[in-house]
Amino acid sequence: MAASTASRELFTDGVRAVLHTWPVLQIAVDNGFGGLYGQQKADWMVDVVQQYFHDNADLQQYEVEDFIAQLMDQEFDTVVDDGSLPQVSVSLLQVFSQWQQGALQQLKHTINSLTQKTSQRAKVTAPATQSDDDSDNETQVMDCESSSPSVSRTEPRPPRQDEEDGWTVVQKKK
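What comes next concerns the included structure. (Residues numbered from 1 in each chain as written. Predicted model: local features only at pLDDT ≥ 70, side-chain atom pairs only at ≥ 80, totals over all residues. Heavy atoms only, no water.)

With 34 residues, the main nonpolar core has Leu19, Trp22, Met45, Met72 and Leu92 as its most contacted residues. Mapped by element, the contributors of at least two residues to this core are α1 (2–20), α2 (23–30), α3 (38–55), α4 (61–76), α5 (85–101) and α6 (104–154). Residues within four places of Leu19 in sequence aside, it is in contact with Leu25, Met45, Val46, Val49, Val88 and Leu92. (Core = buried A, V, L, I, M, F, W, Y, C linked by side-chain atoms within 4.5 Å. Buried < 20%, exposed > 50% of the residue type's maximum accessible area, 1.4 Å probe, protein only. Helix = DSSP H or I, 4+ residues; strand = E, 2+ residues; numbered from the N terminus. Contact = heavy atoms within 4.5 Å.)

Pasting the structure below:
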């Protein structure tokens, strides 16, 4: 019983590794598509998918795709159209197959390789986000300051063109 519990936890770790390395789910959680508890929903999704595999025998790829697409739509208000659903479902089926066949060492290797991809991605994207926010704020301030004088200079010209076309232009008093 203890061995089966440990192997079931290994399968759950495999599902977690596949789902947490999926960019669509990462984007949904990072941008709050699931609301305030998006990370908890992602963790819950791991348990639900794991249970789905245990409750259903001989799952096909399209069934897994449909189930995950339904979860993403209901929990994160996200329709997955980027073509990644087949890849995710194949990965989940592969993890489940390894677990069912008792290839636990191979399953551990798969989990480790997926986990390494996650840590590499996190290191690359974190610094870029902070520097982008700083430069955007500076750009917005400069754009506002430089655009104010040019708007006031160009206002008188368009009414003359519109009046020639037969339209009456109503202007604000200065």
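Before going further, it helps to examine the packing of α4 against α5. Two elements in contact, α4 and α5, have axes whose closest approach is 9 Å; the angle formed by their N-to-C orientations is 115 degrees. Between α4 and α5, the interaxial angle falls into the category roughly perpendicular. Of the two possible hands of crossing, α4 and α5 adopt the one that is right-handed. From α4, Gln61, Val64, Glu65, Ile68 and Ala69 reach across to α5, where they touch Leu85, Pro86, Val88, Ser89, Val90, Leu92 and Leu93. Looking at the contact of α4 with α5, its residues break down into 9 nonpolar, 2 polar and 1 charged. (Axes fitted to C-alpha atoms, helices over the stretch in contact; angles between N-to-C directions. Parallel < 35°, antiparallel > 145°, perpendicular 65-115°, else oblique. Left-handed = near helix turned anticlockwise from the far one by under 90°. Nonpolar A, V, L, I, M, F, W, Y, C, P; charged D, E, K, R; others polar.)

Considered for burial, the residues of α2 that qualify are Val24, Leu25, Gln26, Ala28 and Val29. Positive backbone phi, at 75 degrees, marks Gly32, one or two positions downstream of α2.

Glancing now at the pattern of salt bridges. Tallied over the full model, the rule gives 2 salt bridges. A salt bridge links Asp13 to Arg16, with the shortest nitrogen-to-oxygen separation between them at 3.0 Å. Of this pair, Asp13 and Arg16 are both found in helix α1, 3 residues apart, which corresponds to roughly one turn of the helix. For Asp13, a relative accessible area of 34% translates into the label partly exposed. Residue Arg16 is classed as partly exposed on the basis of its relative accessible area of 32%. (Salt bridge = Lys/Arg side-chain N within 4 Å of Asp/Glu carboxyl O.)

A few words on the side chain of Gln50. Looking at where Gln50 falls in the secondary structure, it is placed in helix α3. Since its relative accessible area comes to 7%, Gln50 is described here as buried. Separated by 3.0 Å, the side chains of Gln50 and Arg8 make a polar contact. Once you skip the residues sitting within four places of it in the chain, Gln50 turns out to touch Arg8, Phe11, Thr12 and Val15. (Polar contact = N/O pair within 3.5 Å; in protein donor to acceptor, adjacent residues only side chain to side chain.)

Bringing the packing of α3 against α4 into the picture now. With their axes 11 Å apart at the nearest point, α3 and α4 run at an angle of 155 degrees to one another. In this view, α3 runs roughly antiparallel relative to α4, as classed from their interaxial angle. Helix-helix and strand crossings are classified by hand; for α3 and α4 the assignment is right-handed. The segment α3 lies against α4, with Gly38, Lys41, Ala42, Trp44, Met45, Val48, Val49, Tyr52 and Phe53 engaging Glu63, Val64, Phe67, Ile68, Leu71, Met72, Glu75 and Phe76. Residues that form the contact of α3 with α4 fall into these classes: 13 nonpolar, 1 polar and 3 charged.

Purely geometric numbers; function is a separate question.
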